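Observations on the model geometry
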Amino acid sequence: MSKTTNLLVALGVVAGLGVAALPLSAMAVTDNNGVTIHDGTGTDDATNKYEGAVDGNASDNVTVKTTIESALSITVVGDDDADGETGQKHLVLLGDNGKIVNGGNASGAAKVTVATNHLGGYQVKMNGEATGFNGVTNASEKFAPVANNTTTFPTTGSSVFGYQTTKEGTVTNVTFANENWNGLSDTATLIATGTKATENAGDTFTITFRAHASESQAADTYDEVVTITATTNLSAGEGDGDA
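Residues numbered from 1 in each chain as written. Predicted model: local features only at pLDDT ≥ 70, side-chain atom pairs only at ≥ 80, totals over all residues. Heavy atoms only, no water.

**Brief notes about the overall build of the protein chain**
- The number of helices and strands found in the protein chain is 0 helices and 19 strands.
- The buried share of the protein chain, taken over its 243 residues, is 33%.
- Taking contacts inside the protein chain between residues at least 6 apart in sequence as the whole, the part at least 24 apart equals 71%.
- Surface summary for the protein chain: the accessible area is close to 14,500 Å², and the carbon and sulfur share equals 50%. (Helix = DSSP H or I, 4+ residues; strand = E, 2+ residues; numbered from the N terminus. Buried < 20%, exposed > 50% of the residue type's maximum accessible area, 1.4 Å probe, protein only. Contact = heavy atoms within 4.5 Å. Areas by Shrake-Rupley, 256 points an atom, 1.4 Å probe, with all protein chains shown as cover.)

Structure, rendered in structure tokens:
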């Protein structure tokens, strides 16, 4: 997912060693602290030698380490979380109380927050189901995906369904693959990119879903499960992962 960071600090103390010279005959010898260890008398033979005092330091070292573990998370909050059956989570209802009339338009949104410490940032992809936005009772009844890169969402004609991504607040780290309306595919499609690691709170953006129902669209409940996946951006940095 992201490269583990190791901090290495080596601590060492080095100092010289001092050894007093061996005494010579007829010469006073002192140690490094000025203390007499030979008064200069006697002969310099094997039985009359004095070893000087040693003054110095020994050194060693210590290695200090810490590890920052890789992190990647994604949180999706639907406008209607905890509404619907049994406190359903990650729920977006299109229209008032999830209802749309023939010939009308309805929309709803979800907020997506991505957080990562990966230096290369992240990518977010999204996909729907192979069956599309279809009827629960009659699966053959569908809302077709709106044409990609649609600047103005249709308000007339056949039934269509699509999405649009927008920034939330002052977030600057997010760029979108396309900021117009696009149709949802069952193939994971890139929708947003973060170019660097996020702050702890993460980067938040909004996905707005919208539908137009034709005059003749059959009465039914229509739904689609949408999967949103965050992946570390391999274009910069090492490692990969998803959430």
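Back to the write-up after that little detour.
**Description of the confidence of the model for the protein chain**
- The predicted model of the protein chain averages 81 in pLDDT, with 71% of residues at 70 or higher.
- Between residues 1–26, whose pLDDT stays under 50, and residues either more than four places distant or in other chains, the model counts 72 contacts. (pLDDT = per-residue confidence, 0-100.)

**Looking at the side chain of Thr 150**
- Inspection of the secondary structure assignment puts Thr 150 in the loop between strand S13 (142–145) and strand S14 (160–167).
- Taking the relative accessible area as the measure of exposure, Thr 150 reaches 15% and is therefore buried.

**Topic: the nonpolar core**
- With 28 residues, the main nonpolar core has Val 124, Met 126, Phe 161, Ile 191, Phe 205 and Ile 207 as its most contacted residues.
- At the level of secondary structure, the elements contributing two or more residues to this core comprise strand S9 (72–78), strand S10 (105–116), strand S11 (122–127), S14, strand S15 (174–176), strand S16 (189–194), strand S17 (203–212) and strand S19 (227–232).
- Discounting chain neighbours no more than four positions away, the residues touching Ile 207 are Gly 108, Ala 109, Ala 110, Val 112, Met 126, Tyr 163, Gln 164, Thr 165, Ile 191 and Ile 228. (Core = buried A, V, L, I, M, F, W, Y, C linked by side-chain atoms within 4.5 Å.)

**With respect to the sheet that holds S10**
- Spatially, S9-S10-S17-S14-S13-S12-S18 is the arrangement adopted by the 7 strands of the open sheet, whose pairing is mixed. Strand pairing shows two members of the sheet lacking a second neighbour, S9 and strand S18 (222–223), which therefore form its edges.
- Pairing between S14 and S17: 8 bridges, direction antiparallel. Considered in S17, the bridge of Gly 162 is made with Arg 210. (Pairing = 2+ DSSP bridges.)

**Concerning the sheet that holds S15**
- Strand order in the open sheet formed by 4 strands is S15-S16-S11-S19, and the pairing between neighbours is antiparallel. The sheet is open, and its two borders are formed by S15 and S19, each paired with just one other strand. Across the sheet, the mean angle separating the axes of adjacent strands is 25° when strand polarity is ignored.
- Looking at chain direction, S11 and S19 are connected through 6 bridges and run antiparallel. Residue pairing in the sheet places Lys 125 in a bridge with Thr 229 of S19. (Axes fitted to C-alpha atoms, helices over the stretch in contact; angles between N-to-C directions.)

**Thoughts on the packing of aromatic side chains**
- Counted under the stated rule, the structure contains 7 aromatic pairs.
- Taking 5.1 Å as the distance between ring centres and 70° as the angle between the ring planes, the aromatic pair formed by Phe 153 and Trp 181 counts as edge-to-face. Linking Phe 153 in the loop between S13 and S14 with Trp 181 in the loop between S15 and S16, this pair joins segments that are 28 residues apart in sequence.
- Through a chain of ring-to-ring contacts, three or more aromatic side chains come together here, namely Phe 133, Phe 143, Phe 161, Phe 209 and Tyr 222. (Phe/Tyr/Trp six-rings, centres within 6.5 Å; stacked < 30°, edge-to-face > 60°.)

**Considerations on the pairing of S14**
- Counted residue by residue, S14 has 6 buried out of 8 residues, so it is predominantly covered.
- Here 2 bridges tie S13 to S14, and the two strands are oriented parallel to one another. Across the sheet, residue Pro 145 finds its bridge partner in S14, namely Phe 161.

**Side note on unusual backbone geometry**
- A positive phi angle, close to 55°, is found at Asn 97, a residue other than glycine.
- Although it is not a glycine, Asn 149 adopts a positive phi angle of roughly 60°.
- Looking at the secondary structure, you find Asn 149 in the loop between S13 and S14.

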